[in-house]
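Residue-level listing of the chains:
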Amino acid sequence: MGKSTHFTGQPVYSQVLNLLDKAKIRKISSQTSGSEAYVKRLDGYTHLVVMLFGVLKHFDSLRELEVGMKAEVNKLQHLGIDYVMRRSTLAEANIRRPQEFFARVYADLLERYGAFLADSRPKREEKEWEKMLYMMDSTTITLFDNLLKGVGRNPKTGKKKGGMKVHTVMKYHVGVPMVVQLTSAAKHDHYLLKEVHLPQNSTLAIDRAYIDYAQFQRLTEEGVCYVTKMKKNLVYSELKSCIHVTADGLVSHKDSRIVFEKGDLRHESRRVELWHEDKRKAVVLLTNNFDLPVEDIEEIYKRRWAIETLYKQLKQNFPLHFFYGDSVNAIQIQTWVVLIANLLCTIISRKIKRHVSFSQIVTMIRLTLMYYTDFVSFMEHPESDEMKILAEKVN
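Residues numbered from 1 in each chain as written. Predicted model: local features only at pLDDT ≥ 70, side-chain atom pairs only at ≥ 80, totals over all residues. Heavy atoms only, no water.

Comments concerning the pattern of salt bridges
Part 1: Evaluation of the coordinates by the stated rule reveals 24 salt bridges.
Part 2: Salt-bridge contacts for Glu299 lead to Arg303; the nearest nitrogen and oxygen are separated by 2.9 Å. Here the residue Glu299 and the residue Arg303 both occupy positions in helix α9 (residues 294-303), the gap between them amounting to 4 residues, near one helical turn.
Part 3: Classification of Arg303 by relative accessible area gives buried; the value is 13%.
Part 4: By sharing partners, the salt bridges in this structure join Asp137, Asp207, Arg304 and Glu308 into a single network. (Salt bridge = Lys/Arg side-chain N within 4 Å of Asp/Glu carboxyl O. Helix = DSSP H or I, 4+ residues; strand = E, 2+ residues; numbered from the N terminus. Buried < 20%, exposed > 50% of the residue type's maximum accessible area, 1.4 Å probe, protein only.)

Brief notes about the packing of aromatic side chains
Part 1: In this structure the tally under the stated criterion is 8 aromatic pairs.
Part 2: Seen from their ring centres, Tyr13 and Phe53 are 5.9 Å apart, and the 50° between their planes marks the pair as tilted. Here Tyr13 is found in helix α1 (residues 12-17), whereas its partner Phe53 is found in helix α3 (residues 44-56), with 40 residues between them in sequence.
Part 3: The class for Tyr13 is buried, based on a relative accessible area of 0%.
Part 4: We classify Phe53 as buried; its relative accessible area is 1%.
Part 5: Here the aromatic residues Tyr13, Phe53 and Phe59 are joined through ring pairs into a cluster of three or more. (Phe/Tyr/Trp six-rings, centres within 6.5 Å; stacked < 30°, edge-to-face > 60°.)

Brief notes about the layout of surface pockets
Empty pockets left among the atoms are what a rolling probe the size of a water molecule brings to light.
Part 1: Looking at the largest pocket, its volume works out to about 630 Å³.
Part 2: For the largest pocket, the lining is made up of 21 residues, of which Arg121, Thr346, Ser349, Arg350 and Phe358 are closest to its centre.
Part 3: Where the lining of the largest pocket is concerned, the elements lending two or more residues are α10 (305-317), α11 (328-351) and α12 (358-367).
Part 4: Ranked by the residues each element gives to the lining of the largest pocket, the list is headed by α10, at 4 residues.
Part 5: Its residues placed into classes, the lining of the largest pocket shows 10 nonpolar, 8 polar and 3 charged. (1 Å grid on protein atoms, 1.4 Å probe; cavity = no way out; pocket = protein on both sides within 12 Å on 5 of 7 lines; lining within 4 Å. Points joined across faces, edges and corners; volume = space filled by probe spheres on them. Nonpolar A, V, L, I, M, F, W, Y, C, P; charged D, E, K, R; others polar.)

Structural notes on a nonpolar patch on the surface
Part 1: A grouping of Ile243, Val245, Val251 and Trp275 is seen on the molecular surface, where their side chains present a nonpolar patch of about 350 Å² in accessible area.
Part 2: Structurally, the position occupied by Trp275 is in the loop between β8 (265-274) and β9 (283-287). (Patch = residues over 30% accessible without salt bridge, like charges linked within 9 Å, V, L, I, M, F, W, Y side chains within 5 Å. Areas by Shrake-Rupley, 256 points an atom, 1.4 Å probe, with all protein chains shown as cover.)

A closer look at α3
It helps to recall that an α-helix has 3.6 residues per turn; residues three or four apart then point in one direction.
Part 1: With 13 residues, α3 ought to run about 18 Å at 1.5 Å a step, and its terminal C-alpha atoms sit 18 Å apart, in line with that.
Part 2: Most of α3 is tucked away, with 13 of its 13 residues classed as buried. (Expected span 1.5 Å × (residues − 1).)

Describing empty space enclosed by the protein
Part 1: A complete count under the given rule lists 1 cavity of 30 Å³ or more for this structure.
Part 2: Within this model, the largest cavity holds a volume of roughly 40 Å³.
Part 3: For the largest cavity, the full set of lining residues is Val50, Leu62, Leu65, Glu66, Met69, Met85, Arg86, Arg87 and Leu90.
Part 4: Every element with two or more residues in the lining of the largest cavity is listed here: α4 (62-71) and α5 (87-96).
Part 5: No other element matches the 4 residues that α4 contributes to the lining of the largest cavity.
Part 6: Residues belonging to the lining of the largest cavity are distributed by class as follows: 6 nonpolar, no polar and 3 charged.

Notes on α9
Part 1: Taking burial as the measure, the 10 residues of α9 include 7 buried ones, the bulk of the element.
Part 2: Here α9 has its buried residues at Val294, Asp296, Ile297, Glu298, Ile300, Tyr301 and Arg303.

Description of the sheet that holds strand β4 (residues 203-205)
Part 1: Spatial ordering of the open sheet is given by β3-β2-β1-β4-β5-β9-β8-β7-β6, a layout of 9 strands whose pairing is mixed. Only two strands of the sheet have a single partner each, and these edge strands are β3 (177-184) and β6 (237-245). The sheet shows a mean angle of 20° between the axes of neighbouring strands, taken without regard to direction.
Part 2: For strand β7 (residues 251-262) and β8, the ladder comprises 10 bridges, and the chain directions are antiparallel. Paired with Arg257 across the two strands is Arg270, which belongs to β8. (Pairing = 2+ DSSP bridges. Axes fitted to C-alpha atoms, helices over the stretch in contact; angles between N-to-C directions.)

Points about the side chain of His267
Part 1: Position of His267 relative to the elements: it lies in strand β8.
Part 2: Polar contacts involving the side chain of His267 include one to the side chain of Tyr226, which spans 2.7 Å.
Part 3: In this view, His267 contacts Tyr213, Phe216, Gln217, Thr220, Tyr226, Ile258, Val259 and Phe260; residues no more than four positions away in its chain are not counted. (Polar contact = N/O pair within 3.5 Å; in protein donor to acceptor, adjacent residues only side chain to side chain. Contact = heavy atoms within 4.5 Å.)

A look at the pairing of β7
Part 1: As defined by bridge partners, β6 adjoins β7 across 8 bridges and the pair is classed as antiparallel. Across the sheet, the residue bridging to Ser237 is Val259, located in β7.
Part 2: In sequence, β6 turns back onto β7 through a hairpin of 5 residues, with Gly249 there showing a positive phi of about 85°.
Part 3: The antiparallel pairing of β7 with β8 creates a hairpin that spans 2 residues between the two strands, and Gly263 there sits at a positive phi of about 65°.

Quick notes on the state of the cysteines
Part 1: Counted by the stated rule, this structure contains 0 disulfides.
Part 2: Here Cys225 stays unpaired: no disulfide links it, and the sulfur of Cys242, its closest cysteine neighbor, is 20 Å away. (Disulfide = S-S within 2.5 Å.)

Here's the deal with the nonpolar core
Part 1: In terms of nonpolar packing, the biggest core is built from 95 residues, with Tyr13, Leu52 and Phe318 touching the most fellow members.
Part 2: In terms of residue count, α11 provides more of this core than any other element does, 13 residues in total.
Part 3: Once residues lying within four places of it in the same chain are set aside, the contact partners of Leu52 are Tyr13, Leu17, Leu20, Val337, Ile340, Ala341 and Leu344. (Core = buried A, V, L, I, M, F, W, Y, C linked by side-chain atoms within 4.5 Å.)

Points about the packing of helix α2 (residues 22-31) against α3
Part 1: Contact pair α2 / α3: the axes reach a minimum separation of 8 Å and the direction vectors enclose 115°. Between α2 and α3, the angle falls in the class roughly perpendicular. Residue-level contacts link Lys22, Ile25, Arg26 and Ser29 of α2 to Gly44, Tyr45 and Leu48 of α3.
Part 2: Residues belonging to the contact of α2 with α3 are distributed by class as follows: 3 nonpolar, 2 polar and 2 charged. (Parallel < 35°, antiparallel > 145°, perpendicular 65-115°, else oblique.)

Dropping the structure here:
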């Protein structure tokens, strides 16, 4: 048998790295304060390439990462690397190089591929609000030590573990985090709501942890629609309401206009209480959009689960159980590299012209990372080599 039908002169990892702009990344590194300070060989781009290698291969330690690169030493020239750095060098770089460099690389990749990710989604009939739909949420990563302040009380036995909270804003059509902030786990969720300003006529789906009358009023003034679930203990005044009944005489929902008042602040909102036959309790949603049908308000809140699916995807395919350093900066660097890896894998998955699950793509990239295989071609026609072998046997 001759060469594979998917043979190419570059390993899969080179094909992944081709999505990066090497010159732009080096420029970002030189413009980031402290990124290239005291650097002899391990510049920002090389640091990113090595860290991505460890994350994509699911290595749990710097020792594994060093040995893994030594095993592929004859192929490193394809990655633009001419030596294997020691784990001590990488550990020092994870302490010295600011995590802001990796954050800026992620932002640059998002700017470069955001339009492609939005356009490459399956085409279907969509409603107007879907085009500008955003979700905001956060997830917590448990740490091995109380480096970043964790949540909850101190345990009676043992040492309290710290935690890092990843605050994100995701655009529904893009499917990856658009805004990311890394804080201690003790930081309240609605911290990001104060920081983010969305385009006019956007729609923001959030959970009830983000309820803040002042920020809701700001969103209203900026022309941004929000949809959230209402807390039970909120104090409000009802201005008017209407109860809707089905043809069978069952109450389907109650649509109310309410007002929140706190000091000098006054915010009018729409309260939608929904009843379903298969559920024993009502769901109460809150929004500042008084024109959308109730069905759309409910659908917008359901779409919020897309960001929960994203967190599940990240934690299943790029688990952050082990870190390549015990400093806050090293932990944040690894988190940014995970987000970059997820973004690159998402771009590759959108280029494949057949349905393949994201977890399968990540697994196959990990297994074939240094194989000389055209990855997209292989994932589109994985059976072609087998068919070629069978044809040769018949002949």
